[in-house]
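What the coordinates show
These are the residues of each chain, in order.
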Amino acid sequence: MLKNYPILVAVVLCIICDICSGALPSNINKCKISNHVCIAKSINDVLRLYPKGHPSFGLIDITAIKRPKIILAENKNNHKSSVGFNLIIENAVLNGLENAKVTSVSGFDPNISKITVNAEIMNLKLSGDYTVNGNILLLQLKGKGKAEFKSTRTTCKAMADVKLEKRNGKNYLAIDRLKIDIQPHDLHMRLDNLFDGNKELTESLNETINKNWRDFWMELRDHANDAMADLARSVLKSAFDNLPYDDFYIN
């Protein structure tokens, strides 16, 4: 029974090595380093082929990313100004990142330190349980219930400071700082149960908010960017921790 033991050990060690170091699937083209057109295409291939994730290179399911709590607006004026409100989403679910299409990338060079990724995302949706209180557009906002925010087209720019870390003889990417700027080209919001369930006021306020969505978005933008950066960091960290940077490219 023990004569095949060395072979079994070798097989197990190979499997452990593959799991720990990660590897791109064979249907994802590797690029020459600094070939940013090829790199953008390969990222899009990953999004298209593996929206539910892939354990071999640490990609998590991006079709429904969940967070227990997201702060979308925070009034630091204690409601004393005519514009300012608190908006918190609990049990938040973000859908639509699988529809992202990378339009350009830069910084994927031998001495990588800063990378930029520009993308367009179709049909992005955030939903969850909201609590809101404050003022905007000379209107009072107060309510608690279900919320949904949808954009049919959103552009996104991600900028990251990164560094290389040596592990087991290979280089891995680590994120020092990540900043994201998202810009919806349209935005439809639905806040149910405003004003203790007053249907008439709820419908009226939702209609007013959606007609003036750009003003509403300006109040959400900073916190929304921070929330998106947090989500993106979790996706990227998982992949960067599993797939050596050396293995991104053709040798």
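Residues numbered from 1 in each chain as written. Predicted model: local features only at pLDDT ≥ 70, side-chain atom pairs only at ≥ 80, totals over all residues. Heavy atoms only, no water.

- Per UniProt, the chain carries the Sequence similarities (unreviewed entry) text "Belongs to the TO family." (UniProt positions renumbered as here; feature names shortened; annotations may be inferred.)

**Here we look at the state of the cysteines**
- Using the criterion set out here, one finds one disulfide in the structure.
- Between Cys31 and Cys38 runs a disulfide, and the two sulfur atoms are separated by 2.0 Å. Where Cys31 bonds to Cys38 through sulfur, the torsion about that S-S bond is close to -80 degrees, and the disulfide is left-handed. (Disulfide = S-S within 2.5 Å.)

**Thoughts on the packing of aromatic side chains**
- A complete count under the given rule lists six aromatic pairs for this structure.
- Judged by centre distance (6.4 Å) and plane angle (45 degrees), the rings of Phe240 and Phe248 are tilted. The same class applies to Phe240 and to Phe248, which are both buried.
- Centre to centre, the rings of Tyr245 and Tyr249 are 5.1 Å apart; their planes meet at 85 degrees, and the pair counts as edge-to-face.
- Of the residues examined, Tyr245 reaches a relative accessible area of 4% and is grouped as buried.
- Given the relative accessible area of 7%, Tyr249 is considered buried.
- Linked through ring pairs, Phe240, Tyr245, Phe248 and Tyr249 together constitute an aromatic cluster.
- The lysine or arginine in question, Arg167, covers the ring of Tyr172, its NZ or CZ lying 3.8 Å from the ring centre. (Phe/Tyr/Trp six-rings, centres within 6.5 Å; stacked < 30°, edge-to-face > 60°. Buried < 20%, exposed > 50% of the residue type's maximum accessible area, 1.4 Å probe, protein only. Lys NZ or Arg CZ within 6 Å of the ring centre and 35° of its normal.)

**Quick look at the nonpolar core**
- Residues Leu87, Phe149 and Phe216 are the most contacted members of the largest nonpolar core, which totals 67 residues.
- The element contributing the most residues to this core is helix 4 (residues 213-242), with 12 residues.
- The residues contacting Phe216, other than those within four sequence positions of it, are Phe85, Leu87, Ile136, Leu141, Phe149, Met189 and Ile209. (Core = buried A, V, L, I, M, F, W, Y, C linked by side-chain atoms within 4.5 Å. Helix = DSSP H or I, 4+ residues; strand = E, 2+ residues; numbered from the N terminus. Contact = heavy atoms within 4.5 Å.)

**Digging into the side chain of Ser127**
- Within the element layout of this structure, Ser127 appears in strand 4 (residues 114-136).
- The residues touching Ser127, leaving out its near neighbours within four places in the chain, are Ile89, Asn91, Ala92, Val93, Ala147 and Glu148.

**Considering the pattern of salt bridges**
- Summed over all chains, the structure comprises 17 salt bridges.
- For Asp61, the salt bridge identified is with Lys52, shortest N-O distance 3.9 Å.
- Classification of Asp61 as partly exposed rests on a relative accessible area of 30%.
- A residue is classified by how much of its surface remains accessible, and Lys52, at 60% relative accessible area, is exposed.
- Across the pair Glu120 and Arg153 runs a salt bridge whose closest N-O atoms are separated by 2.6 Å. Of this pair, Glu120 sits in strand 4 while Arg153 sits in strand 5 (residues 139-167), and the two are 33 residues apart along the sequence.
- With relative accessibility at 24%, the residue Glu120 sits in the partly exposed group.
- A single network of salt bridges, built from pairs that share partners, joins Lys41, Asp45 and Arg48. (Salt bridge = Lys/Arg side-chain N within 4 Å of Asp/Glu carboxyl O.)

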